[in-house]
Every structure is written in structure tokens, then in C-alpha cells.
2 protein chains.
Amino acid sequence: MCTRESFNPESYELDRSFWLTRFTEMKGTGWKVSQDVLQKLLKSLQVNHFQEDKQFLGAVMPRLDIRMDTCVIPLRHGGRSLVQTTDYIYPIVEEDPYMTGRIASANVLSDFYAVGVTKCDNMLMLLGVSNKMTDREGDKVMPLINQDFKDAAEEAGTSVTGGQTVLNPWIVLGGVATTVCQPSEFIMPDNTVPGDVLVLTKPLGTQVAVAVHQWLDIPEKWNKIKLVFTQEDIELAYQEAMMNMGRLNRTTSGSLLICLPLQQAAQFCAEIKSPKYGEGHQAWIIGIVEKGNCTARIIDKPGIIEVAPQVAPQNVNPTSGATS
Amino acid sequence: MCTRESFNPESYELDRSFWLTRFTEMKGTGWKVSQDVLQKLLKSLQVNHFQEDKQFLGAVMPRLDIRMDTCVIPLRHGGRSLVQTTDYIYPIVEEDPYMTGRIASANVLSDFYAVGVTKCDNMLMLLGVSNKMTDREGDKVMPLINQDFKDAAEEAGTSVTGGQTVLNPWIVLGGVATTVCQPSEFIMPDNTVPGDVLVLTKPLGTQVAVAVHQWLDIPEKWNKIKLVFTQEDIELAYQEAMMNMGRLNRTTSGSLLICLPLQQAAQFCAEIKSPKYGEGHQAWIIGIVEKGNCTARIIDKPGIIEVAPQVAPQNVNPTSGATS
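Residues numbered from 1 in each chain as written. Chains lettered and ligands numbered in written order. Predicted model: local features only at pLDDT ≥ 70, side-chain atom pairs only at ≥ 80, totals over all residues. Heavy atoms only, no water.

Here we look at the overall build of chain A
Quick reminder of the rule: Strands are runs of DSSP state E lasting at least two residues, helices are runs of H or I lasting at least four, and both sets are numbered from the N terminus onward. Exposure classes here rest on a 1.4 Å probe applied to the protein chains alone. A residue is buried below 20% of its type maximum, exposed above 50%, and partly exposed in between. Note on areas: Shrake-Rupley with a 1.4 Å probe; residue coverage comes only from the protein chains shown.
In terms of regular secondary structure, chain A is built from eight helices and ten strands. Here chain A, with 324 residues, has 51% of them falling under the buried criterion. Surface accessibility of chain A: about 15,700 Å² in total, with carbon and sulfur atoms responsible for 55%.

Okay, here's the thing in C-alpha cells:
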């Protein structure tokens, strides 16, 4: 079940089914505010550009603000920009605190990679420890989450140097990624032209895979799907989802939707599979850029691309507790 | 009751006593994890200084990491440092969303001012909207909180350019402050010598004042204290506490404990009261630095310094609802 050899759920001395029940009490149930509410809230934060646009060698320095996931702020020091992103999640992976920390860390960094920034100067960690956790649970589970958050940050070439830890009903995991760089080190997401194609670099459906995996332990849910899926199907999909969520987006660049000219896109999809980029990642051309008013639409009959699993089936733990 | 002329609780069309009840359901009840738990959690985050100490013009650049409230990270770009802090709170001021946002903003920036940094290049906002809030409550209250968070940031000469908004059982307010500066623009908190005195720049007891103010609406609590305090005493203390929490720590430097040579300390306490620094702030010499092992202790019989209120009693709203 576990993708990290040294991790064993028993080593933190918590009975798995007990932890599953407890975790359900502590995890957030819906973390995103709806788009219209968010728009209303952000309205009061719209930036006054009271700081004049900064120039360097006669050129206006690019700026991205609250409308985007990552902000790019020209600094007082000639020619440098501050690039920052923050994100936090309520964990959705109930079994493995180690993977949970890794996913949270990758999630913070992913918005960075989306603007082409691969060098992170600093990370802060934001942690909410559930007030429903017993001391014993906290002592065993939270250090594992922290350790992996830190491991993933170090894998990305940065370190966690600060943060904030509070008590909260739900477990909260997140952080802040910051770098200082030159305009040549980031890509403003405004250069696409009609005819470019859209390339997706991680498969969709991870949240469905995680939800269905939870159903293994809920008889009335499991009974609804057990004629269609085997337990092994679900374990495999879950492992695949965990791997994808925990994979850093730096190599070219995980969960991204990239616009590229067709020729380059084909080359990119071929290159990303090469051993040079690690473990044989994949990317897929899934759409095309048309002239229009900056909206997106799904075509009437979209095709479904089956994604070959990267987890070998024999790694799936057959003892995981399905209830039939 | 309100320190901002344009703000009137009626303007957000919520009945005050109704809001008080609702707020109590949404506010965090205890946000700090205990010191020993925090130490355990941070142990797994201790920084590997895998990045070598950076040098500039032959001198090692100073670094502060996870042990402190603010981190100072030497950057790749010669001679500059990244200074960052993050903090979030569960609001404790139940009546005035405007003050709540201001306090959250000042709270983020205060750790910055504690290392002498007065210029903030960027702020991110971290916001948890209570999932117990109705749409109507959210529409009225959250924009006020945001607006004031932003106003206080702009007053500090910076702007809010990004952040993260999620649903959470408790309301969460906080942010991240970041600046890029030279070593001459910050003070490392390691230069005190025996004989220096400790100067405090905001009075203690704000949380007690806020808690006692909430007791005005809880008959069994109010009955316990009404022979000792008048309603006016409590309203005044509450207003004073709100003003102090919402005051930016830049002029000067709000809620700081500063070590200074005695002569300079006396001069500092005199100067901070002058009109040059705004509204007649105060500071008090409250202790002395002795040779020792970096621990702090309260003397056996500490004196109590009474703090003259800055809020004129006639500004206190006499209609606030005490239950006798």
C-alpha cells in the first residue's frame, strides 16, 4: 500500500480502522469557497496600483496580482521580481501521513512551476493540528506529515524555515513558496495564440480515485460499485492517484495545462517520457486554442484517454480492509 | 463602540445580539498549540543547512530560521536577504469586522517590525470563511474584514497581492509578509548585553479585556464581576485593547519587547510620546538584562504600571448590551 519502503502504518502504533474513523472526524469536508463567493470577497482586495509600475532598463516590469494563483511583484532592487504563492488543503489521503505531507508540499510548489519558476528560495509551512486529536495521535501522525512536507521541499531544492502552527477542528496543511528572480526566470501566462494546443501533464480523476477508495470501508457504498470494480482496481487507482499528487511538478511540470505550438507539443510529450526526466512521466495533447474571448469549453463528445498505471500491481497491499 | 467613524454595526444589517451568538459558534476557542507539542512538531522540521552559508564581500550573511517568528534567508543575489513571516489568528473581537481585519493585518506585520524591518514588499492573505456562516452573513461580514486587512496593509506601505481562501469550521484570518532587503535593513535579535533594560511598547492584558467584555452578555459571568467593574470600565478597557491590537507596530514599534542601554531606553520612552510619532504612543521600562543562560524570569513582587487610556470615555457606546 505504501510507496515509501520505510513507512509502515503499524510503526505509528495506530490501528488502521480506528485511525480511519478518527481521521474522518478531523478532515475537512469541503475546502473551496464557490467562485461567485470568492469573486465577492476578492473585490474588496483589488489592488490599488499605488506603487507605480516599476521599470528596469526602460522596460516596465511584469506584474501578476490577486487574480492569479501566483503573484509576481517587481522589487525595489533593479530588475528583480518577488514571486510568491500560498496554498493549503485539508488532507484527503487517510492512510498515510507521509504521503499527505508530500502532497501538501507538492501542492504549494505546483503554482510556482505553472509560471515556469523552478528555483524556490524559501518555504513556510502552515499547519492546523486537529483539536480532536489525542496527544498520542498527534505525536505519531503530525511528525510524519511534517517530515514529508520537509522532504518534498528539500527534493525541490528548498527548505522550510518558518511557519505557523495552530489548533483547528480540521487538519490543515499548506505553505508559502517564495523566490526572488529575474524576468527571464518566469513565464507570464499570457502568450498563447490561436492554433496552439493544450498539453496536460497529469491525469484527471485523482479525487474520484481517493473517494472510491474510502468507499471500500463503507459497506453501503462498496455494495454499489463492487460489481463494476474489483478491490485491486481501486487500490491500484488509489496508489496511482497518490503518486501523481505527491510527484513534484518541477520535472518540465506535473499538473499543468500548457499552451504550445503543435510541433513543440508533440516533441514535449515525447521528451517527458524519456529517462532524462525521471520515471517515465507522461503528457497528453487534449485541446486547441481558438480565437475568442478568453473562455474555455469542453467539446460535445470528448474522448477519454486511458492512462497506463505506473504502479506495479504487485505493490498493492492485498490486506487493505475491504468490506464486502 | 466603534473607532472608525464610517463603520456602524447597523450598516451590515445584522442584529448585534444575533451576531454575537452566531460569532461564538464560529470563532476558534484555543489557537495555540502548547510549547512542548510545538517543540515536538518542529523537531522534524529542523533545517538541514544543506545550502551553504552565503557570503557577500567576504562576510557570512546572517540567517534566522524556524526557531524564530521571522525568518531571514540569504538570497542567491549578492548581499540581499529574504525576510518573511506568517501568522494567523482566530478573531477574538466579536463586534466589529473592520477592527478584526485590522488586527489580523497588524498581527502579521508585527513580527517584521520586531526585527526592525519597516518596509514590506508584499502581503498574502490567508482566509478561512466559517462553513457555519449563512450567505447573508458572509456577504456582509467578510468583505469588511478583507477591506480592513487591505487598508492596514496599505497604511503600512504595502499591498495584498494574493492568498488563499477556504471554508473552515472556525473563522481564520492571517497572512504572509515578505520583503527583500540588505543586512543593514534588519536587526538580528542577538545583540543584548547585561545591563541593558527591557522596554515594552504596548500594555499587556488585551486578551483579558476582550474576554471580560464578552462576559457583559453572559449573566452568570457578569454577576461575578459587576461589583468590581462598571460596564463603562469594561467598555473603555475593551476599546483600549482593540486600539492597541489594531495599531500598526511600525511607528515605532507596538507590541515589542526591546533591549536597549538605559540611557537610550529613557530617551526612546520620551520620544515615542512626541507628536512626531503620531497619537502619543507610550513605552515602559519593565526589566533588566542579567548575565545568564538565556532564560527569562518574573521577579518575586512585580509592580503594576497603570496605563492611562487613550480612548476618550465619551466615545464609548452606552447602548452596548450589558445584562445585569
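From this point, things continue past the structure.
Side note on a nonpolar patch on the surface
Residue and element names in this part refer to chain A. To keep things clear, this is the line we draw: Residues enter patches when they are more than 30% accessible in relative terms and free of salt bridges; like-charged ones are connected within 9 Å and nonpolar ones (Val, Leu, Ile, Met, Phe, Trp, Tyr) within 5 Å. One side-chain nitrogen of Lys or Arg within 4 Å of one carboxyl oxygen of Asp or Glu is enough to make a salt bridge.
Judged by side-chain polarity, L227, V228 and F229 come together as a nonpolar surface patch covering roughly 360 Å² of accessible area. As for its position among the elements, V228 is in the loop between α6 (219-225) and α7 (231-246). What makes V228 exposed here is its relative accessible area of 61%.

Section: the side chain of T70 of chain B
Where we set the bar: Residues adjacent in sequence count toward polar contacts only when both atoms are side-chain atoms; beyond that, a polar contact is any pair of N or O atoms within 3.5 Å, and within protein one must be able to donate a hydrogen and the other to accept it.
Relative to the elements of secondary structure, T70 of chain B occurs in the loop between β2 (59-60) and β3 (71-74). Reaching out from T70 of chain B, the side chain makes a polar contact with the backbone oxygen of D111 of chain B at a distance of 2.8 Å.

Quick look at the sheet that holds strand β6 (residues 160-168) of chain A
Adjacent strands of a sheet form backbone hydrogen bonds with each other and so pair up, either parallel or antiparallel. Residue and element names in this part refer to chain A. Which entries qualify depends on this criterion: By definition, two strands form a pair when at least two bridges between them are found by DSSP. Under this scheme, a helix contributes an axis fitted over its contacting stretch, all axes are lines through C-alpha atoms, and angles between N-to-C directions fall in the 0 to 180 degree range.
With mixed pairing, five strands are arranged side by side in an open sheet as β3-β4-β7-β5-β6. Edge positions in the sheet fall to β3 (70-74) and β6, since each has one partner strand and no second. Between one strand axis and the next, the sheet turns through 15° on average, direction left out of account. Of the pairings in the sheet, the one linking strand β5 (residues 122-130) to β6 comprises eight bridges and is parallel in character.

Remarks on the relation of the copies chain A and chain B
For clarity, the cut-off: Superposition of the copies used a least-squares fit over C-alpha atoms from residues whose pLDDT is at least 70 in both.
Superposition record for chain A on chain B: RMSD 0.1 Å, screw rotation 180°, translation along axis 0.0 Å. Such a turn and shift between the copies fits a two-fold axis. Of the C-alpha atoms belonging to chain A, the one lying closest to the rotation axis is found on P169 of chain A, 3.3 Å away.

Concerning the pattern of salt bridges
This model, assessed by the stated rule, comprises ten salt bridges over all chains. A salt bridge links R76 of chain B to D121 of chain A; its shortest N-O distance comes to 3.1 Å. Here the residue R76 of chain B occupies a position in the loop between β3 and β4 (81-89), and D121 of chain A occupies one in the loop between α3 (97-113) and β5, the pair thus bridging two chains. The partly exposed category is assigned to R76 of chain B, whose relative accessible area is 32%.

Quick notes on the interface of chain A and chain B
Spelled out, the test is: Two residues qualify as a contact provided that any one of their heavy atoms is within 4.5 Å of a heavy atom in the partner residue. Side-chain classes follow a simple rule in which Ala, Val, Leu, Ile, Met, Phe, Trp, Tyr, Cys and Pro form the nonpolar group, Asp, Glu, Lys and Arg form the charged group, and the remainder, Gly included, forms the polar group.
On the chain B side, the residues contacting the 66 residues of chain A number 66 residues. Remark: the boundary between chain A and chain B carries four salt bridges. On the surface where chain A and chain B come into contact, there are 19 residue pairs in polar contact (both at pLDDT 80 or more). Of all the secondary-structure elements, those providing two or more residues to the side of chain A that touches chain B are α2 (35-43), β3, β4 (81-89), β5, α4 (135-155), β6 and β7 (172-181) of chain A. Its residues assigned to classes, the side of chain A that touches chain B shows 29 nonpolar, 25 polar and twelve charged.

Some remarks on the environment of P169 of chain B
Within the fold, P169 of chain B resides in the loop between β6 (160-168) and β7 (172-181). P169 of chain B sits 93 residues away from R76 of chain B along the chain, and the two C-alpha atoms are 41 Å apart.

Here's the deal with the pairing of β5 of chain A
Residue and element names in this part refer to chain A. Most of β5 sits inside the fold, with nine of its nine residues counted as buried. With seven bridges connecting them, β5 and β7 associate as antiparallel partners. Looking across to β7, one finds that L126 is bridged to G174.

As for the sheet that holds β3 of chain B
Residues and elements named next belong to chain B. Read from one edge of the open sheet, five strands run β3-β4-β7-β5-β6, paired in mixed fashion. Each of the sheet's edge strands pairs with one partner strand only, and the pair in question is β3 and β6. Each adjacent strand pair in this sheet contributes to an overall mean axis angle of 15°, direction not counted.

Examining the confidence of the model for chain A
In regions of low pLDDT, the predicted coordinates are not meant to be interpreted in detail. All names here are of chain A. Here is the rule: What pLDDT expresses is the predictor's confidence in each residue, scored from 0 to 100.
In the predicted model, chain A carries a mean pLDDT of 77, and 76% of its residues have values of at least 70. Below pLDDT 50 for its whole length, residues 1-14 participates in 32 contacts with residues either more than four positions away or in separate chains. Here residues 314-324 scores under 50 on pLDDT; set against residues more than four positions off or in separate chains, the count is 24 contacts.

Some details on the environment of G287 of chain B
Residue and element names in this part refer to chain B. If you trace the backbone, G287 turns up in strand β10 (residues 284-288). Given a relative accessible area of 23%, G287 falls into the partly exposed group. Separated by 87 residues in the primary sequence, G287 and L200 place their C-alpha atoms 9.1 Å from one another. Ignoring any residue separated from it by four or fewer positions in sequence, one finds G287 in contact with V197 and L198.

Here's the deal with α4 of chain A
Residue and element names in this part refer to chain A. Stated formally: Helix span is expected to be 1.5 Å times the residue number reduced by one.
Here α4 spans 30 Å end to end across 21 residues, near enough to the 30 Å set by a 1.5 Å rise per residue. All buried positions along α4 are accounted for by E137, G138, V141, M142, L144, I145, N146, D148, F149, K150, A152 and A153. Where α4 terminates, the next one or two residues include G157, which has phi positive at roughly 85°.

Some thoughts on the state of the cysteines
Spelled out, the test is: Disulfide assignment relies on a single distance test, namely cysteine sulfur atoms paired within 2.5 Å.
Under the counting rule described, the total for this entry stands at zero disulfides over all chains. Here C71 of chain A is not cross-linked by a disulfide; its sulfur's nearest cysteine counterpart is in C120 of chain B, at 11 Å. As a non-bridged cysteine, C181 of chain A has C120 of chain A as the owner of its nearest cysteine sulfur, 11 Å distant. Residue classification places C181 of chain A among the buried residues on the basis of a relative accessible area of 1%.

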